[in-house]
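Notes for the structure review
Letter by letter, the chains look like this.
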Amino acid sequence: MENEIKALLKKRNAILLAHNYQPPEIQDIADLCGDSLELSRKAAQTNADVIVFCGVHFMAETASILSPEKTVLLPRRDAGCPMADMVTPDALSYKIKELSSSKKTIPVVTYVNSSAAVKALSTICCTSANVVKVVNSLDENEILMVPDRNLALYTASQTEKTIHFWQGYCPYHDLLTADCVRMVKEEHPDAIFMAHPECRMEVLKLADVVTSTSGMLAYASKSSHNSFIVGTEVGLLYPLKKANPEKQFYAASISMECRDMKKITLEDILKSLETMSPQVKVPEDIRKPALSAVKQMLSL
Ligand code: 13P
Ligand code: SF4
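Report follows, based on the coordinates. Nothing here was measured: the structure is a model prediction, and the numbers come from that model.

**As for the pattern of salt bridges**
Within the structure shown, the criterion is met by 15 salt bridges. Of the charged contacts in the structure, one is a salt bridge between Arg-149 and Asp-174, with a shortest N-O distance of 3.4 Å. Of this pair, Arg-149 sits in helix H8 (residues 149-158) while Asp-174 sits in the loop between strand S8 (162-165) and helix H9 (178-187), and the two are 25 residues apart along the sequence. Between Glu-202 and Arg-200 there is a salt bridge whose closest N-O contact spans 3.8 Å.

Written out as structure tokens, the structure reads:
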């Protein structure tokens, strides 16, 4: 099946992108693996005619926003992100009005884990890798962040600015508690604890490093330490172990498994390349304002 996929990728002049949480067999055949920021950059730079996005819906939308001339395939239409679904354009418009005055509209910093329609209403986008830089780049001192409350609270702890936050969260990162981390730390007292900023503040306070998925990969490879507790979706354990076979990695909680990130199979990829579906295409009236928010971030 891998050979069939590779042959079809070549025939269609297609590139296969996989998020760091995708299943091992998909990461192994991907042209590029990475975090949300890396993948959105790579999607914009590729000369391929077709992007096969192995991730979730908002990631394929971001690829379509940046590359409208390319065909973007999401091998499973139902691979979504529950956190992205926690903010709708209507609810965001209402909140913007509530927090704005007649003289000034509140700037909105939107995590890339959001729909294109929500991005279209935003001032600038951010990812877990660049959120503090993005917030500090704005002139205004009062900012609305959507949809992740944990990412917003973490950002508030790293900046002087006043952050209004949305009550969204990642159901998998948010289930990790400080008590759970303390237990795992007791089992592995010498391990470095790396946490994703989608985790709760009580968890981030116990972390030695707070960073994105690719930030964790880079940190673990460079570090002189030999063992790590990984506070993010369990899919990251595979690339961590692959890149550092001599080091030990322990999940902070094995319950942190995103169902949507595990929906796509090799069969789905093959079928998608054969049928050139399901396609994700952002309509122009949404794409243009969404592009402006994404470009603003990429220009930083
Ligand atoms: P990053 O890979 O950008 O750290 O994002 C984590 C995530 O939850 C993606 O859905
Ligand atoms: Fe969304 Fe969380 Fe799954 Fe990432 S891990 S896609 S944020 S639900």
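**Remarks on helix H4 (residues 57-66)**
Counting buried residues in H4 gives nine out of 10 residues, a clear majority hidden from the surface. When we look at burial in H4, the residues that qualify are Phe-58, Met-59, Ala-60, Glu-61, Thr-62, Ala-63, Ser-64, Ile-65 and Leu-66. Against the buried residues of H4 lie strand S1 (14-19), helix H3 (36-45), strand S3 (50-54), strand S4 (71-73), helix H6 (116-119) and helix H14 (284-299).

**Describing the pairing of S3**
In terms of burial, S3 is largely enclosed, as five of its five residues are buried. What you see with S3 is no split at all: Val-50, Val-52 and Cys-54 on one side and Ile-51 and Phe-53 on the other are buried throughout. Sheet analysis places S1 next to S3, joined by five bridges and oriented parallel. Bridge pairing in S3 places Leu-17 opposite Phe-53. The pairing of S3 with S4 spans three bridges and is parallel. Within the sheet, the bridge partner assigned to Val-52 lies in S4 and is Leu-73. The parallel pair S3 and S4 is bridged by H4, and the resulting crossover is right-handed.

**Things to note about the environment of Ala-43**
When you line up the elements, Ala-43 lands in helix H3. Along the backbone, Ala-43 and Glu-140 are 97 residues apart, and their C-alpha atoms lie at a distance of 31 Å. The contacts of Ala-43, once residues within four sequence positions are left out, are Leu-17, Ile-51, Ala-63, Ser-67 and Lys-70.

**Regarding the sheet that holds strand S10 (residues 209-210)**
Spatially, four strands are ordered S10-S9-S11-S12 in an open sheet, and the strand pairing comes out parallel. The outermost strands of the open sheet, each flanked by one partner alone, are S10 and strand S12 (248-251). Of the pairings in the sheet, the one linking strand S9 (residues 192-195) to S10 comprises two bridges and is parallel in character. Paired with Met-194 across the two strands is Val-209, which belongs to S10.

**Brief notes about the packing of aromatic side chains**
In this structure the tally under the stated criterion is one aromatic pair. Arranged with centres 5.3 Å apart and planes meeting at 15°, the rings of Phe-228 and Phe-249 form a pair that is stacked. Taken together, the positions of Phe-228 in strand S11 (residues 227-231) and Phe-249 in strand S12 put the pair 21 residues apart, joining distant regions of the chain. Of the two residues examined, Phe-228 and Phe-249, each falls in the buried class.

**Brief notes about the site of ligand 2**
Taken together, Tyr-21, Val-56, Cys-81, Pro-82, Met-83, Asn-113, Cys-170, Pro-171, Tyr-172, Glu-198 and Cys-258 make up all the residues around ligand 2. The cavity that encloses ligand 2 is the largest cavity.

**Quick word on the site of ligand 1**
Around ligand 1, the structure places 13 residues, and the nearest of them are His-19, Ser-128, His-196, Glu-198 and Thr-213. Within the side chain of Ser-128, one N or O atom sits 2.9 Å away from an oxygen atom of ligand 1. In isolation ligand 1 offers 300 Å² of accessible surface; the protein chains occlude 96% of this area. Comparing atom positions with the cavity grids shows ligand 1 to sit within the largest cavity. Here the residues of the shell around ligand 1 are counted per class, giving four nonpolar, seven polar and two charged.

Conventions used here
- Residues numbered from 1 in each chain as written.
- Chains lettered and ligands numbered in written order.
- Predicted model: local features only at pLDDT ≥ 70, side-chain atom pairs only at ≥ 80, totals over all residues.
- Heavy atoms only, no water.
- Salt bridge = Lys/Arg side-chain N within 4 Å of Asp/Glu carboxyl O.
- Helix = DSSP H or I, 4+ residues; strand = E, 2+ residues; numbered from the N terminus.
- Buried < 20%, exposed > 50% of the residue type's maximum accessible area, 1.4 Å probe, protein only.
- Contact = heavy atoms within 4.5 Å.
- Pairing = 2+ DSSP bridges.
- Right-handed = clockwise from strand over helix to strand, strands pointing away.
- Phe/Tyr/Trp six-rings, centres within 6.5 Å; stacked < 30°, edge-to-face > 60°.
- Near = heavy atom within 4 Å.
- 1 Å grid on protein atoms, 1.4 Å probe; cavity = no way out; pocket = protein on both sides within 12 Å on 5 of 7 lines; lining within 4 Å.
- Sits in = over half its atoms within 2 Å of the grid points.
- Polar contact = N/O pair within 3.5 Å; in protein donor to acceptor, adjacent residues only side chain to side chain.
- Areas by Shrake-Rupley, 256 points an atom, 1.4 Å probe, with all protein chains shown as cover.
- Nonpolar A, V, L, I, M, F, W, Y, C, P; charged D, E, K, R; others polar.

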